[in-house]
Amino acid sequence: MRLWGRKTSVNVQKVLWALEELGLDYERLDAGGAFGGLDTSDYVAMNPMRKVPTLQDGDLVIWESNAVVRYLAQTYGDGALAGKHPADIGRADMWMEWFQNNAYADFIALFYQLVRLPRSQRDPARRDAAIAALTRQFEVLEKRLSDQPYVAGDRLSMGDIPVGSALYRYYTMEFDRPALPALAEYYDRLGQREAYRTTVMASYASLRPATD
């Protein structure tokens, strides 16, 4: 099994976390960002979107991070991440879609305003709008986590991986976060997992602009 993608990409981190939780053997190849390589004919033949991650498992090539996570969770680990029953799979899948369709854009907007852009290009109004929008979404998750430890129930599932992969940056970026105690406890809970620490809790200092 081979995975193309730089380890500082949050979308690559999703897949790395799933691979480590499932105890799978794989090789990661640097691609994207400063490593480039996404416009070569060989890579485009695998992934016409010219993005990361891309996973090769035998003859199968699959891309789009959530799709890769779903594939791994449903193929390996005897349902440990996907769930063994349709209702379990559906609940986990629901929260994957929730983050991607409702919170991800605001998370990325905030990350750019606080990390990726030079200070001269940052927009306080856009930053504050992203914080407010992301807070509204995380209040939904806060309510969900107030009476259960993980998004889909009492154990980690693939539903936790998209939002969980964003939380390290959410809690380490410098801004005034709202009081969301259940979410904070959830993040602490994830941080106790070795697979999370080794794949998601990685420095993103290299993503900051060279001149600020």
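In the block above lies the structure referred to throughout.
The structure contained in this document is the topic of the report that follows. Source: prediction; values computed, not measured.

Taken as a whole, this structure holds nine salt bridges when the rule is applied. A salt bridge links Arg 70 to Asp 93, with the nearest nitrogen and oxygen atoms 2.6 Å apart. Of this pair, Arg 70 sits in helix α3 (residues 65-75) while Asp 93 sits in helix α4 (residues 86-116), placing them 23 residues apart in sequence. The exposure class of Arg 70 is buried, given its relative accessible area of 17%. Looking at Asp 93, the relative accessible area reads 26%, which means it is partly exposed. Taken together, the salt bridges that share partners define one network made up of Arg 70, Asp 93 and Glu 97.

Once that is clear, we can look at the packing of aromatic side chains. Using the criterion set out here, one finds 15 aromatic pairs in the structure. Arranged with centres 5.2 Å apart and planes meeting at 65°, the rings of Trp 95 and Trp 98 form a pair that is edge-to-face. Taken together, the residues Trp 95 and Trp 98, both in helix α4 and three residues apart, mark about one turn of the helix. Relative to Phe 107, the ring of Tyr 104 lies with its centre 6.5 Å away and its plane at 45°, an arrangement referred to as tilted. Within this pair, Tyr 104 and its partner Phe 107 are both found in helix α4, separated by three residues, close to a single helical turn. As far as the burial class goes, Tyr 104 and Phe 107 line up, both buried. Put simply, the rings of Trp 95, Trp 98, Phe 99, Tyr 104, Phe 107, Phe 111, Tyr 168 and Tyr 204 pair up and form one aromatic cluster. Over the ring of Phe 175 we find Arg 177, and its NZ or CZ is 5.0 Å from the ring centre.

Its 13 residues give helix α6 (residues 160-172) an end-to-end C-alpha distance of 19 Å, which sits within 8% of 18 Å, the value for a rise of 1.5 Å per residue. Residue Ala 166 marks the point of greatest curvature in α6, where the axis turns by about 25°. Residues of α6 that are buried include every one of Asp 160, Ile 161, Pro 162, Val 163, Gly 164, Ser 165, Ala 166, Leu 167, Tyr 168, Arg 169 and Tyr 170, and no others.

This part covers the nonpolar core. Core analysis: the biggest nonpolar cluster contains 68 residues, and Leu 72, Phe 138 and Leu 167 have the highest contact counts within it. When residues of this core are assigned to their parent elements, the largest contribution, twelve residues, is made by α4. The residues touching Phe 138, leaving out its near neighbours within four places in the chain, are Trp 98, Phe 99, Val 163, Leu 167, Tyr 170, Leu 180 and Leu 183.

Reading the values: rules and limits
- Residues numbered from 1 in each chain as written.
- Predicted model: local features only at pLDDT ≥ 70, side-chain atom pairs only at ≥ 80, totals over all residues.
- Heavy atoms only, no water.
- Salt bridge = Lys/Arg side-chain N within 4 Å of Asp/Glu carboxyl O.
- Helix = DSSP H or I, 4+ residues; strand = E, 2+ residues; numbered from the N terminus.
- Buried < 20%, exposed > 50% of the residue type's maximum accessible area, 1.4 Å probe, protein only.
- Phe/Tyr/Trp six-rings, centres within 6.5 Å; stacked < 30°, edge-to-face > 60°.
- Lys NZ or Arg CZ within 6 Å of the ring centre and 35° of its normal.
- Expected span 1.5 Å × (residues − 1).
- Bend = angle between axes of the 7 residues up to and from the residue.
- Core = buried A, V, L, I, M, F, W, Y, C linked by side-chain atoms within 4.5 Å.
- Contact = heavy atoms within 4.5 Å.

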